[in-house]
Each structure stands twice: as structure tokens, then as C-alpha cells.
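Spelled out, the chains give:
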Amino acid sequence: MAKTALLTGITGQDGSYLAEFLLARGYEVHGIIRRASTFNTGRLEHIYADPHSGRARLFLHYGDLSDASALARLIAKIRPEEVYNLAAQSHVRVSFDSPEYTTDVTATGAVRLLEAIREVGLPVRYYQASSSEMFGKVREVPQTETTPFYPRSPYGCAKVYAYWITVNYRESYGVHASNGILFNHESPRRGETFVTRKITRAVAHILAGLQDKLYLGNLDAKRDWGYAKEYVEAMWLMLQQEQPDDYIIATNETHSIREFLDAAFGAVNLDWKRHVEIDPRYYRPAEVDLLIGDYGKARRQLGWEPKTKFADLVKLMVDADIQLLKDHREGKIKVTA
Ligand code: NAP
Ligand code: GDD
């Protein structure tokens, strides 16, 4: 009997890869989408367009993490075996401008969903999209599942709440609830205002002569960057374990924004120093300087390991943005890699 999964954040980077992953395993997939004034299902379009890709098993419902009654109604109606809470106001810089909204969606949204699960009384397995941002001003290098949190943004604080409320529902009510503490993960589907995609998109535009300058903030921050397509499998593996638990998902490698620029511009023989300028508006009131995650527990208990190396990830994102721009200029439908 095929399993049923409910995803929040299905229109986002991870949501679209996870939906594909679950459909390929025969799941019936339900996703919660927000009504927006502009089109926001572009990352799912190819699943709808291809009749062999699982279209008949993908269902979208309107809802919002700020709307508890809608969440409860959807859980009771869909009766999913697995719930993946991927929705969030996920932009760290934006969270400084909208701290209360970020808390409402990213923190309180998680408890709204967990309450809906508790009240329906079904054996639902729950995945919480926790974040390496919780480590913030890091207390330990590399970070592990036992490293203390020190969040540095309203987003990081909201994710710390969501992490602990997930642990609390596991311990208080026996919910099969797990936290995936994912370090930065990127792909051609990454939102265009996150630094990696902002860079690879600019490389394509500069190469085509459509743009000359790229304005960035702090180039010294270091991140542990992996490939999003591989990270969604780890989410699924967590919910297949007999016991719920919390896991770091990372590559155990760290690189600065400068190194990302070297790799991205270098891939097409451009010199980033001729194009990049610093705009202080992109600095954050408090920065997370260094993230690097030890995924040893996930390797031992889930059998999960990252495969794509940093240089290959940068190259595949640059290539995808060059292709996307070419298709766009030729009037072709957007290709989602
Ligand atoms: P993303 O591309 O920014 O997607 C965020 C998703 O959340 C979108 O589908 C968005 O819908 C939805 N959303 C936002 N506000 C909502 C609300 N009020 N109600 C319902 N849905 C709402 O994020 P991502 O990169 O895929 O990341 C997925 C999750 O993992 C997020 O929770 C993020 O914080 C977390 N995370 C990400 C990373 C990373 O490096 N990518 C690392 C650690 C943790 P719209 O399309 O309508 O905006
Ligand atoms: N976005 C952005 N734009 N970041 C810039 C820029 C710029 O122009 N210039 C420099 N940066 C620096 C930021 O200051 C930060 O140190 C780093 O690039 C990465 O920024 P983002 O790509 O926005 O990602 P993030 O690390 O803040 O947050 C992402 O990863 C988290 C996991 O650690 C998001 O996906 C979060 O949702 C996720 O939880």
C-alpha cells in the first residue's frame, strides 16, 4: 500500500526535490501552497507537465503556516503517514527586517503543525527542517548534534524554537518527530537572493553581456555547502527509522564566499574582481562567520553521505544558469534541472 506524505514548503527548493523523490518511490504526495498574487509553482511545473512523472499522485492544497485551523483540517482530511515541515520565512537577512513575521511562520508555524498532528491522534511521522543557522556564533568546530546553539538572527532564534518544540512533542506525546539539522544546500533551484544562486546567475548574465557588476556583502563568511537533491533523501531516511532522532546533514567541508566566486567565475574564465563590488546593504547586523558540520551520525545510523563535491556543485549551478538564460532568450519554457 502506497504511503501518503504531506509537505509544507513544496514550492521551495527542497520541497520540489522531495516531492520528486517521494513520487519516484510511489508515494501519494500532498503539498500546501500559499495563494500568491504572482505565479509561485514554477519548481513543480515539470511534474505536472509530464504525465509519467507522478502527476496523478501529486495534490496541492491552499494553506499557510500562520493558519492553524487550515492545517488541522488538512491533516484530518489527508491523514498522511509522513509530514515534512519545510515551509519557513527562510531568508536570514530578511528576518532582521521582519522578525515578528519570521517568528510567526518559522517558529510558531511548527507548533501549529505539531498540535494538528497531536490532535488528530494518528501515528504521523514528522520531519522538522532545522538549520545550521542555530549554531550561529559557533561554540565548537566542526558542529555536531551536541554542539550548543547560539543563534545570530531572528531566523536562527525561530529555528531554535522549532527544533526544541519538535523534541518536546517527541518526549511529551511520543510523536515520531525528527530534526534534520541541515547545513547550506544549493542547486539550480535555489532561490535567486541566496548568495550562491545570486553569483551563478550573475555569471551567466555577465558572460552574455547583459550585466557588468555584481553587488555583494560580506565575502569572508564560510559555509558548508552541499547539493540539495542529495539532502532530501536524508529527510526521508530519518522518517524510515524505528526511533525518531536528530541528525546533522552536511559535507564536513567549508568554503568562503570568495572561494565560491573563484570557482563560479573561474568556470567560465572570468575574473570576479573585475565585476564584484561591495554594497554594505547586504551586510547583516550580526553575522555567522563559520559553519562546518560533522555528519558522522547520519553516516553511521542512516547510511547517508554527501556525493557532490564543492567544485562540481558550483559548476553544475553555473552551467544550469547559462542554459536557463539561453532557453529564456530563445523563448523556450524554463527548464528545471
Ligand atoms: P525556500 O526555497 O525559501 O522555500 C520556502 C518554502 O516555504 C516555500 O515553498 C514558501 O512558499 C514556503 N512558505 C513561506 N512562508 C510560508 C507560510 N507562511 N506558509 C506556508 N508556506 C510558506 O527554502 P528551502 O531552501 O527549500 O528550505 C526548506 C526549509 O529548510 C526551510 O524551512 C529552510 O528554512 C530550511 N533550511 C534550508 C537550508 C538551505 O540551505 N536551503 C538549510 C537549513 C534549513 P512560497 O513559494 O509561497 O514562498
Ligand atoms: N544572501 C546574500 N546576498 N548573502 C550574502 C551576500 C548577498 O549579496 N553577500 C554576502 N553574503 C553572505 C551572507 O552574509 C552569509 O554570510 C552568506 O553569504 C550566505 O548567505 P545566504 O546565501 O543568504 O545563506 P545563509 O547562510 O544566510 O542562510 C541559508 O542557509 C541556512 C543554513 O545555514 C538559508 O538557506 C537558510 O534558510 C538556512 O537555514
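In this report, the structure presented in the accompanying data block is examined. Since the model is a prediction, treat every value here as computed from it, not as a measurement.

**So, the overall build of the chain**
Moving on, step 1. A tally of regular secondary structure across the chain gives 11 helices and 13 strands.
Moving on, step 2. Against the compact-globule benchmark of 20 Å for 337 residues, the chain has a radius of gyration of 20 Å, which places it among compact chains.
Moving on, step 3. Its C-alpha atoms give the chain principal-axis dimensions of about 60 × 50 × 40 Å.
Moving on, step 4. Sorting the 337 residues of the chain into buried and exposed places 54% on the buried side.
Moving on, step 5. Across the chain, every contact between residues at least 6 apart in sequence was considered, and the portion connecting residues at least 24 apart equals 79%.
Moving on, step 6. Total accessible area computed for the chain in this model is approximately 15300 Å², and 50% of it derives from carbon and sulfur atoms.
Moving on, step 7. Averaging the locations of the 43 positively and 43 negatively charged side chains of the chain gives two centres separated by 3 Å.

**Observations concerning the site of ligand 1**
Moving on, step 1. Neighbouring ligand 1 are 25 residues, the closest being Thr11, Arg34, Asp64, Ser90 and Tyr155.
Moving on, step 2. Between an oxygen atom of ligand 1 and a main-chain N or O atom of aspartate 14, the distance comes to 2.8 Å.
Moving on, step 3. In the environment of ligand 1, an oxygen atom lies 2.9 Å from a nitrogen or oxygen atom belonging to the backbone of histidine 185.
Moving on, step 4. Protein chains bury 89% of the 900 Å² of accessible surface belonging to ligand 1 in isolation.

**Some points on the pattern of salt bridges**
Moving on, step 1. Taken as a whole and judged by the stated rule, the model has 19 salt bridges.
Moving on, step 2. Residue glutamate 330 is joined to lysine 326 by a salt bridge in which the shortest nitrogen-to-oxygen separation is 3.7 Å.
Moving on, step 3. Given the relative accessible area of 45%, glutamate 330 is considered partly exposed.
Moving on, step 4. The network of salt bridges with common partners includes Glu192, Arg197, Arg201 and Asp321.

**Focus: the site of ligand 2**
Moving on, step 1. Residues in close proximity to ligand 2 total 24 residues, the closest being Ser131, Ser132, Tyr155, Arg284 and Glu287.
Moving on, step 2. Between an oxygen atom of ligand 2 and a side-chain N or O atom of serine 132, the distance comes to 2.6 Å.
Moving on, step 3. Asparagine 184 places a side-chain nitrogen or oxygen 2.7 Å from an oxygen atom of ligand 2.
Moving on, step 4. Contact with the protein chains covers 95% of the free accessible surface of ligand 2, which is 710 Å².
Moving on, step 5. If you list the elements that add at least two residues to the shell around ligand 2, you get α7 (195-207) and β8 (214-216).
Moving on, step 6. Tallied by class, residues from the shell around ligand 2 come to 10 nonpolar, eight polar and six charged.

**Some remarks on the packing of α7 against helix α11 (residues 310-329)**
Moving on, step 1. Interaxial distance between α7 and α11 falls to 8 Å at its minimum, and their mutual angle equals 50°. Here α11 runs oblique to α7, going by the angle between their axes. For the pair α7 and α11, the crossing hand works out as right-handed. The segment α7 lies against α11, with Thr196, Arg197, Thr200, Arg201, Val203, Ala204, His205 and Leu207 engaging Val314, Met317, Val318, Asp321, Ile322, Leu324 and Leu325.
Moving on, step 2. Here the residues of the contact of α7 with α11 sort into nine nonpolar, three polar and three charged.

**Some details on the side chain of glutamate 145**
Moving on, step 1. With respect to the helices, strands and loops of the structure, glutamate 145 is situated in the loop between β5 (125-131) and α6 (154-173).
Moving on, step 2. Ignoring any residue separated from it by four or fewer positions in sequence, one finds glutamate 145 in contact with Asp246, Tyr247, Ile248, Asp294 and Lys297.

**Digging into unusual backbone geometry**
Moving on, step 1. For the bond from valine 141 to proline 142, the omega torsion is -5°, close enough to zero to count as cis.
Moving on, step 2. Structurally, proline 142 can be placed in the loop between β5 and α6.
Moving on, step 3. Positive phi, close to 55°, is recorded for asparagine 269, a residue that is not glycine.
Moving on, step 4. Looking at the element boundaries, asparagine 269 is found in the loop between α9 (257-266) and β13 (276-278).
Moving on, step 5. Take asparagine 269: its relative accessible area is 74%, and that puts it in the exposed class.

**As for the packing of aromatic side chains**
Moving on, step 1. Scanning the model with the defined rule gives 13 aromatic pairs in all.
Moving on, step 2. Aromatic side chains tyrosine 84 and tyrosine 127 sit 6.0 Å apart centroid to centroid with 40° between the ring planes, which places their arrangement in the tilted category. Of this pair, tyrosine 84 sits in strand β4 (residues 82-85) while tyrosine 127 is found in strand β5, placing the two residues 43 residues apart along the sequence.
Moving on, step 3. Residue class for tyrosine 84 comes out buried when judged on its relative accessible area of 0%.
Moving on, step 4. On the accessibility criterion, tyrosine 127 (0% relative accessible area) is buried.
Moving on, step 5. Its guanidinium or amino end placed over the ring of phenylalanine 21, arginine 25 lies 3.6 Å from that ring's centre, counting from NZ or CZ.
Moving on, step 6. The lysine or arginine in question, lysine 297, covers the ring of tyrosine 247, its NZ or CZ lying 5.0 Å from the ring centre.

So, how was this worked out
- Going along each chain's sequence as written, the residues are numbered from 1 onward.
- The order in which chains are written sets their letters, starting at A; the order in which ligands are written sets their numbers, starting at 1.
- For this predicted model, a pLDDT threshold of at least 70 governs which residues receive local features, and a threshold of 80 or more governs which side-chain atom pairs are given and counted, while totals over whole chains, interfaces and linings are taken from all residues.
- With hydrogens and water stripped out, all remaining heavy atoms of the structure feed into the side-chain values.
- Helix numbers and strand numbers start at the N terminus; a helix is a DSSP run of H or I with at least 4 residues, a strand a run of E with at least 2.
- Only C-alpha atoms enter the radius of gyration, while the globule expectation follows 2.2 Å times N to the 0.38, with N the number of residues.
- Under the scheme applied here, a residue whose accessible area is under 20% of the maximum for its type counts as buried, over 50% as exposed, and between as partly exposed, the area being computed with a 1.4 Å probe on protein chains only.
- We call two residues in contact whenever any of their non-hydrogen atoms come within 4.5 Å of each other.
- In short, Shrake-Rupley with a 1.4 Å probe defines the accessible areas, and a residue's cover is counted only from the protein chains shown.
- Note on charges: Lys and Arg go in the positive column, Asp and Glu in the negative column, and His and the chain ends are not counted at all.
- The atoms used to mark charge sites are NZ of Lys, CZ of Arg, CG of Asp and CD of Glu.
- Residues are labelled near a given molecule or strand when at least one of their non-hydrogen atoms is within 4 Å of it.
- Pairing of N or O atoms within 3.5 Å defines a polar contact, subject to two protein rules: one partner must be a possible hydrogen donor and the other a possible acceptor, and residues neighboring in sequence count only if both atoms are side-chain atoms.
- Note on definitions: salt bridges are taken to be side-chain nitrogens of Lys or Arg within 4 Å of carboxyl oxygens of Asp or Glu.
- Residues are sorted three ways: Asp, Glu, Lys and Arg are charged, Ala, Val, Leu, Ile, Met, Phe, Trp, Tyr, Cys and Pro are nonpolar, and all the rest, Gly among them, are polar.
- The axes are straight lines fitted to the C-alpha atoms, using for helices just the contacting stretch, and the angles between their N-to-C directions are given from 0 to 180°.
- We call two directions roughly parallel when the angle between them is under 35 degrees, roughly antiparallel when it is over 145, roughly perpendicular when it lies between 65 and 115, and oblique otherwise.
- Each crossing is labelled by how the near helix is turned from the far one, with a counterclockwise turn of less than a right angle marking it left-handed and a clockwise turn marking it right-handed.
- Pairing of aromatic side chains requires ring centres within 6.5 Å, counting the rings of Phe and Tyr and the six-membered ring of Trp. Pairs whose planes differ by under 30 degrees are stacked, by over 60 edge-to-face, and all others tilted.
- Only when the NZ atom of a Lys or the CZ atom of an Arg is both within 6 Å of the ring centre and within 35 degrees of the ring normal do we say a charge sits over the ring.

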